[in-house]
Amino acid sequence: MRLFSTQKVQFVEVYGSDVPSYAILSHTWSDGEILLQTLERDEIHDAPWSALSEDPPEVLRGNKAKGFKKVLRTTEIARRNGYDLLWVDTCCIDKTSSAELSEAINSMYRWYGGAEVCYAYLSDVPAASTESPFEPNSKFRRSRWFNRGWTLQELIASKQVEIFASDWSYLGAKTGDMDFTKLLSEITGIQLDVLLGELSPQDMSIAARMHWAAERQTTRVEDIAYCLLGIFDVNMPLLYGEGKRAFIRLQEAILTKEEDQSLFAWHSELLPTSTLGDIGQTGGISGLLADSPDWFSDDNEIETSMPMILKSSPSAVTSKGLRVDFLLLPCTEDQPIAEADFRVVLNCERLRDGQRESPVIYLKRIWGMGDQFARVRPDLKHFTPPVVDVLDVGIHERVFIKQDPWSDMRTIRIVAAKDGSQLQLPSGTSDRRVAAANWKIKDAWPRKGWAENMQTFQTREFTFGIPCGVLRLEINESGQPTTVDVAVGMHAPSERLSRSWCQ
């Protein structure tokens, strides 16, 4: 960890547990920030901060003036409060070193937690004398500082946070004035006990912690995952360029530490229902993990609960997808979900109108009688009272769910018969055989799977034992064209076999 002196521009490297007391800055980045390489220049390094304040060199003027003033005022406040050392992310991390950047991001939560005080600078909030932060539409409530991903862990990890306006006038502190602490809780959705340090983030459910990050923003897509490492007490390598996959990796890392099914208590907008990208009212299918913390935006009241089944294996990431032990329940008559084979009452709950209720998700077995499943209708927000009676009607099963279930869904492809083959149709009490030259597929349903020029019908959307499509055949014998509708599908005579059928 690299700290710098509040007396002059001089850096100190500290390691392990031998870390002196220090102050730390929380802020949002803007143009003209002062970087490590700037402060290491010969004309700046070892210079007293007071001298630089009176006569800053050219490199600290112009577009760098705003960033320099922010660092300068932070050192002044820290020095006035008796702190000899300070940490500021812009100039204490060598961002040209990927190894150092990775170490810093994985250590950031601990570094903020180790500081004696954190100074939060809200550059878009006017002087404290101009408006009250408690006003319903105050600029304090709408500050960018409350909407950025990185500042979330800085607020939670720090023992004490003192908040300043754009002119460095004092606005309030995380602890001390209970009314101000309640205001911070109201703005951020973070439970009051967590802000007061009476509960740690690990005392809250995964869903509640994800809710804190909902609708927060980061410049890099991957950072919405990396900024949450400390809140979930996990470490993982940084892979900039992987995009949303970083948030999936974060959730997989969380699963190795916490057995909390509230990780699956999210809801999304309607998802694509096929690989063709069609959007339908079915809500599509998905994996068990969310694409973004925004999918946890509903409420922060979900708590962990005792599992209904005490004997189960831990969840794990495998080549077949996420492995989870679930109690599979039949879908209820009052909430029929056509796309679902089962519903799952998650082992978590919330208190609503004096009643406990648990979130419900829906699953579909996507191939035969096997153990490969997908989540369906993730757009639905259903809750049910947690009752023991479901143990009598449920099936305890180990399921595997890929994050991209479409990749494991087989395609059924039906092609018109080649010359020489015959079509066998029932006709009264005897079978009727029609030569291939005398019939063709005229139409098919659903239409999106039908390619007329190739006389081919294909689909991935099917359930065993239920028709996946209807083909309209045109038969032309003796110059008399007739049509016959034929339903086609798949069935599984055993766990290892699957067969096609038509009727």
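Structural data are supplied above this passage.
Peer 1: Before we move on, can you summarise the pairing of strand S3 (residues 23–26) with the specific residues and values?
Peer 2: Residues Ala-23 and Leu-25 line one face of S3 and the alternating positions Ile-24 and Ser-26 line the opposite face, and both faces are buried. Sheet analysis places S3 next to strand S4 (residues 85–87), joined by two bridges and oriented parallel. In the strand pairing of S4, Ala-23 is matched with Leu-86. Relative to strand S5 (residues 117–121), S3 runs parallel, the two being bridged by four bridges. Looking at the pairing, Ser-26 lines up with Ala-120 of S5.

Peer 1: Explain the sheet that holds strand S21 (residues 439–445) residue by residue, including any values.
Peer 2: Pairing between sheet strands relies on hydrogen bonds along the backbone, with the strands arranged either parallel or antiparallel. The strand order across the open sheet built from four strands is S21-S24-S25-S26, with neighbouring strands paired in antiparallel fashion. Two strands in the sheet have a free side with no partner beyond their single neighbour: S21 and strand S26 (499–502). Taken pair by pair, the neighbouring strands of this sheet meet at an average axis angle of 30°, ignoring direction. Where strand S25 (residues 480–491) meets S26, four bridges bridge the pair, whose relative direction is antiparallel. Pairing of Met-490 across the sheet is with Ser-500, part of S26.

Peer 1: I'd like a rundown of the nonpolar core, residues and numbers included.
Peer 2: Counting residues in each nonpolar core, the largest one holds 113 residues, and the members touching the most others are Trp-87, Phe-140, Met-210, Leu-228, Leu-250, Phe-264 and Phe-326. Ignoring anything within four residues of it in the chain, the contact list for Met-210 reads Leu-228, Phe-232, Phe-247, Leu-250, Gln-251, Ile-254, Leu-263, Pro-293 and Phe-296.

Peer 1: Break down the layout of surface pockets for me, with residues and values.
Peer 2: Approximately 560 Å³ is the volume found for the second largest pocket. Lining the second largest pocket are 19 residues; nearest its centre among them are Trp-29, Asp-89, Lys-95, Trp-150 and Asp-223. Taken together, the elements giving at least two residues each to the lining of the second largest pocket come down to helix H5 (98–114) and helix H6 (150–157). Taken together, the residues of the lining of the second largest pocket sort by class into eight nonpolar, four polar and seven charged.

Calculation criteria
For every chain, the first residue of the written sequence is number 1, and numbering continues from 1 along that sequence. This being a predicted model, a pLDDT of at least 70 is required before a residue's local features are given, and a value of 80 or more before pairs of side-chain atoms are given or counted; all residues contribute to the totals for chains, interfaces and linings. The basis for every side-chain value is the complete set of non-hydrogen atoms in the structure, without hydrogens or water. Using a 1.4 Å probe on the protein chains alone, a residue whose accessible area is under 20% of its type maximum counts as buried, one over 50% counts as exposed, and one in between counts as partly exposed. In this text, helices come from DSSP runs of H or I with a minimum length of four residues, and strands from runs of E with a minimum of two, each type numbered from the N-terminal end. Pairs of strands are assigned from DSSP output, requiring at least two bridges between the strands. Working convention: axes come from line fits to C-alpha atoms, limited for helices to the stretch in contact. Angles between N-to-C directions cover 0 to 180 degrees. Only buried Ala, Val, Leu, Ile, Met, Phe, Trp, Tyr and Cys residues count toward a nonpolar core, and they belong to the same one when joined by side-chain atoms within 4.5 Å. In what follows, residue pairs with any heavy atoms lying within 4.5 Å of each other are defined as contacts. Whether a set of points on the 1 Å grid over the protein atoms alone is a cavity depends on a 1.4 Å probe fitting there but being unable to get out, while an open set qualifies as a pocket with protein on both sides within 12 Å along at least five of seven lines; lining residues are those with an atom within 4 Å of a point. Grid points are joined across faces, edges and corners, and a volume is the space filled by probe spheres set on the points. For this scheme, ten residues count as nonpolar: Ala, Val, Leu, Ile, Met, Phe, Trp, Tyr, Cys and Pro. Four count as charged, namely Asp, Glu, Lys and Arg, and the remainder, Gly too, count as polar.

That is the geometry; function is a separate question.
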